[in-house]
Amino acid sequence: MIKTFVNAWKVADIRKKLLFTAFVILVFRIGSVIPVPFLNIVDEINVGKGNTILTYLSLMTGSAFTYGTIFAMSITPYINASIIMQLLTIAIPALEEMQRDGEEGRKKITAITRYVTVGLGLLQSLAYFFFLRANGYLMKDASGAAFTGFDAVFQAVVIIAVLTAGTAVIMWLGEQITISGIGNGISIILFAGIVSRFPTLIKQLFQYLDTGRTVYKVLVPVVCVIFLLMDNSERRLPIQYAKRVVGRKMYGGQSTHMPIKINMSGVLPIIFASSILSLPGTVQMFISADKYKGTGWEKFFDAFQSDSWWYAGMYFLLIIFFAYFYSTIQYNPIEMANNLRKNNGAIPGIRPGKPTSDYIMRVLSRLTLIGSLMLCIVALFPIVYSLICKAAIPPLETGGDDGGMSITLGGTSIIIMCGVALETVRQLESQLMMRHYKGFLD
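Quantities reported herein were computed from a predicted structural model and do not represent experimental measurements. Numbers given to residues run from 1 along each chain, matching the order in which its sequence is written. With the structure being a predicted model, the display of local features is reserved for residues of pLDDT at least 70 and the display and counting of side-chain atom pairs for 80 or more, all residues being used for whole-chain, interface and lining totals. The basis for the side-chain values is all heavy atoms of the structure; hydrogens and waters are excluded.

## Concerning the pattern of salt bridges
Alright, step 1. Basic side-chain nitrogens of Lys or Arg form a salt bridge, by our definition, when they fall within 4 Å of a carboxyl oxygen of Asp or Glu. Overall, the coordinates contain two salt bridges when judged by the stated rule.
Alright, step 2. The salt bridge partner of E175 is R114, with a shortest N-O separation of 2.8 Å. A residue pair is termed long-range when its members are at least 10 positions apart, and E175 in helix α8 (residues 149-180) and R114 in helix α7 (residues 103-134) qualify at 61 residues.
Alright, step 3. Accessible area is worked out with a 1.4 Å probe on protein chains only. A residue is then buried under 20% of its type maximum, exposed over 50%, and partly exposed in between. A residue is classified by how much of its surface remains accessible, and R114, at 35% relative accessible area, is partly exposed.
Alright, step 4. The shortest N-O distance in the salt bridge between D358 and K354 comes to 2.9 Å. Note that D358 and K354 are positioned in helix α17 (residues 354-389) at a spacing of four residues, about one turn of the helix. The secondary structure listing takes helices from DSSP runs of H or I that are at least 4 residues long and strands from runs of E that are at least 2 residues long, numbered from the N terminus.

If you want it as C-alpha cells, here you go:
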C-alpha cells in the first residue's frame, strides 16, 4: 500500500489528484469544528449512554454532531438518500427505466438523489434543532431566558438553514473528490470523519490495555484479517462464449469468468441493523424512567441494550436479513442469465435460460450467507466477549461508562476504514497501470 502511494506521488497528474483530495478533506475538517451560530455548547453535547441513534450519528459524523458544528449532519443524509433511491428504483418503474437509459438516466437519478439529500438534511436539521432546544443548548438573551417572538424564529431559521447548507456543501465536496480526486468522495469523507477520532481512540486504547483488558489486543487484528479475507475473496463463475462467424472473421470462443464478491453488501447490513436496534434506546431517552420502571416496558428496553443476549441474537438475525435484502437489490439472476444468452455465453454444464438463473441464484445465496456470517463475527465479537466475561467493555470510540453503540459499531469503524483504504489503493493502482500502458504504446 505504501509503495503504491509512493509510486503515485511520482506521477504529476495523480499527485495533483491526491493534493486536491487532501485539500477537500482539510476543508471538511475545518467545517467540522466551526460551531453553528446561536449555540451555547461549552464541551460536548450529551448524546446519552448506550445504544441510541444519537451515539450512532456521533460516530458517523466524526464527533461533529456532538459539538454542534456546521457539518454536524455530515454525509449521513446523502447515504440515506442513496439507499432510498436504490429501493425506489426497484419499486417505481419510471426510475427503473431511467436507470436503463445509460448515462443520461443516471444523471437524472443523481439529480433526484441530490434533492432527496437536501430534503433529508432539512428534516434531520429540524430534529436536531428541537433536540438542542429541549436540552438547553441554544443561546439565551441577556437575562438568561430563552429567546421569544421574532428572535426565536430568526434563531431557529438560522440554525436549521446553516445545518442544511452544511449537508449540501458536504455532498458537493464528496462529488468533487469523485470527479477530480482519488477514490469515492462519499467514502473518503466518511473515512476522514472516523479517522479524526484516532487521537482519542488511541489514548483510550492504551488506557484499556493497562487495565489488562486483552479484548483490544485481539479485536483489531481479528476484524482486519476477516475483512481483508472478505473484501478480496470472490467466487468466479466460468463463462464460455460460443464461436460465431461474421463475414470472413470468427468471433467469440474465448473462456472468461464472472466474479461475484463474497461480501457483496459491504458494511451496510451492520449499519442498517444498528440503526433499527438503536430506535428503542432513542425513545427511552425521551421517557422518564419512573413511567416504565417495574413494568413490561422495562424488560423491553433492557432487551435492546447492547450488553444482553437478546440484543446479540436480534443483531445477528438483522445482519443476515439485510445482507440477503441488499444482495437481491444489487443482483438480478434472471437479468444476468439473459445477458449471457444475448452474448452467446453460457456456464459450462448449465443450460441457458432458467437453469442458468437458478444456478446463479444458488451461488448468490450461498455467498451471501458466508459474507453475512463473517459480518456477524466482526460485529458481534466485542458484544459476545463482553457477555462471556460478564463485564462491560469500555467504549472503543467514545468515552463513557458503558459500551453501548460504541461496542456495536467498533468493528464497523474498522471495516469502513479498511474498505475505503483498499478501494483507494485499487484506484491508484489502476491509474498507474493506465499510464504504464500509455507509455508503452507511445
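## Points about the sheet that holds strand β4 (residues 255-261)
Alright, step 1. Any two strands with at least two DSSP-identified bridges between them are counted as paired. Taken together, the three strands give an open sheet; going across it, the order is β4-β1-β5, and neighbouring strands pair in antiparallel fashion. The sheet is open, and its two edges are formed by β4 and β5 (345-346), each paired on a single side.
Alright, step 2. The pairing of strand β1 (residues 234-241) with β4 spans seven bridges and is classified as antiparallel. Across the sheet, I239 pairs through a bridge with T256, a residue of β4.

## Quick notes on the environment of V27
Alright, step 1. Tracing the chain through its elements places V27 in helix α2 (residues 12-31).
Alright, step 2. Apart from residues lying up to four places away in sequence, V27 is in contact with F71 and L173. Throughout, a contact is declared for two residues whenever any of their heavy atoms are within 4.5 Å.

## Description of the pairing of β1
Alright, step 1. Relative to β5, β1 runs antiparallel, the two sharing two bridges. Bridge assignment links Y241 to a residue of β5, and that residue is G345.

## Some words on the side chain of S327
Alright, step 1. Counting through the fold element by element, S327 comes out in helix α15 (residues 309-330).
Alright, step 2. Here a polar contact is taken to be a pair of N or O atoms separated by no more than 3.5 Å, where protein atoms must pair a possible hydrogen donor with a possible acceptor and residues adjacent in sequence count only if both atoms sit in side chains. A polar contact is formed between the side chain of S327 and the backbone oxygen of Y324, at a distance of 2.8 Å.

## Comments concerning the packing of α2 against α8
Alright, step 1. Relative to each other, α2 and α8 sit at 170°, their axes nearing to 9 Å. In terms of orientation, α2 and α8 fall into the roughly antiparallel class. Every residue of α8 that contacts α2 at K17, F20, T21, V24, V27 and F28 is listed here: I170, L173, Q176, I177 and S180.
Alright, step 2. Residue polarity follows a fixed list, in which Ala, Val, Leu, Ile, Met, Phe, Trp, Tyr, Cys and Pro are nonpolar, Asp, Glu, Lys and Arg are charged, and the others, Gly among them, are polar. Looking at side-chain class alone, the contact of α2 with α8 contains seven nonpolar, three polar and one charged residues. To obtain each axis, a line is fitted to C-alpha atoms, and for helices this fit is confined to the stretch in contact; angles are then taken between N-to-C directions over 0 to 180 degrees. Orientation labels follow simple angle bins: below 35 degrees gives roughly parallel, above 145 gives roughly antiparallel, 65 to 115 gives roughly perpendicular, and whatever is left gives oblique.

## Some thoughts on empty space enclosed by the protein
Once rolled over the atoms, a probe with the size of a water molecule shows which space is left empty.
Alright, step 1. Cavity means a closed set of points on a 1 Å grid over the protein atoms alone, one where a 1.4 Å probe fits but cannot get out, pocket means an open set with protein on both sides within 12 Å along at least 5 of 7 lines, and lining means a residue has an atom within 4 Å of a point. Grid points are joined across faces, edges and corners, and a volume is the space filled by probe spheres set on the points. Taken as a whole, this structure holds four cavities of 30 Å³ or more when the rule is applied.
Alright, step 2. Empty space within the second largest cavity amounts to approximately 60 Å³.
Alright, step 3. Considering the residues around the second largest cavity, the lining is formed by I262, N263, M264, S265, A323, S327, T368, G371, S372 and L375.
Alright, step 4. Only α15 and α17 provide two or more residues apiece to the lining of the second largest cavity.
Alright, step 5. In terms of residue count, α17 provides more of the lining of the second largest cavity than any other element does, four residues in total.
Alright, step 6. Grouping the amino acids of the lining of the second largest cavity by side-chain chemistry returns four nonpolar, six polar and no charged.

## Structural notes on the nonpolar core
Alright, step 1. One finds Y128, L132, Y315 and I319 to be the most contacted residues of the largest nonpolar core, which totals 61 residues.
Alright, step 2. Those residues within four positions of I319 in sequence are excluded, and the remaining contacts are P269, I270, A273, S372, L375, C376 and A379.
Alright, step 3. By nonpolar core is meant a set of buried Ala, Val, Leu, Ile, Met, Phe, Trp, Tyr and Cys residues that side-chain atoms within 4.5 Å join together. One finds L237, I262, Y359 and L367 within the second-largest nonpolar core, a separate group that totals 14 residues.

## Looking at the packing of aromatic side chains
Alright, step 1. For Phe, Tyr and Trp, where Trp contributes only its six-membered ring, two rings pair if their centres lie within 6.5 Å, and the inter-plane angle classes them as stacked under 30 degrees, edge-to-face over 60, or tilted in between. Across all of its chains, the model carries eight aromatic pairs by this definition.
Alright, step 2. Ring geometry for Y311 versus Y315: centroids 5.5 Å apart, planes at 40°, classification tilted. Linking Y311 with Y315, this pair stays in helix α15, spanning four residues, or about one helical turn. Both residues of the pair, Y311 and Y315, belong to the buried class.
Alright, step 3. Ring geometry for F321 versus F325: centroids 6.2 Å apart, planes at 20°, classification stacked. Of this pair, F321 and F325 are both found in helix α15, four residues apart, which corresponds to roughly one turn of the helix.
Alright, step 4. Judged by its relative accessible area of 34%, F325 falls in the partly exposed class.

## Some thoughts on the packing of helix α5 (residues 76-91) against α7
The description of two packed helices rests on the angle between their axes and on the distance between the axes.
Alright, step 1. Orientation of α5 relative to α7, taken along the N-to-C sense of each, is 130°, at an axis distance of 8 Å. If you check the angle between α5 and α7, you find them oblique. Pair α5 / α7 crosses with right-handed handedness. Here T76, P77, Y78, N80, A81, S82, I84 and M85 of α5 lie close against α7, whose contacting residues are I109, I112, T113, V116, T117, L120, G121 and Q124.
Alright, step 2. Tallied by class, the residues present in the contact of α5 with α7 amount to nine nonpolar, seven polar and no charged. Note on convention: the crossing is left-handed when the near helix lies turned anticlockwise from the far helix by less than a right angle, right-handed when the turn is clockwise.

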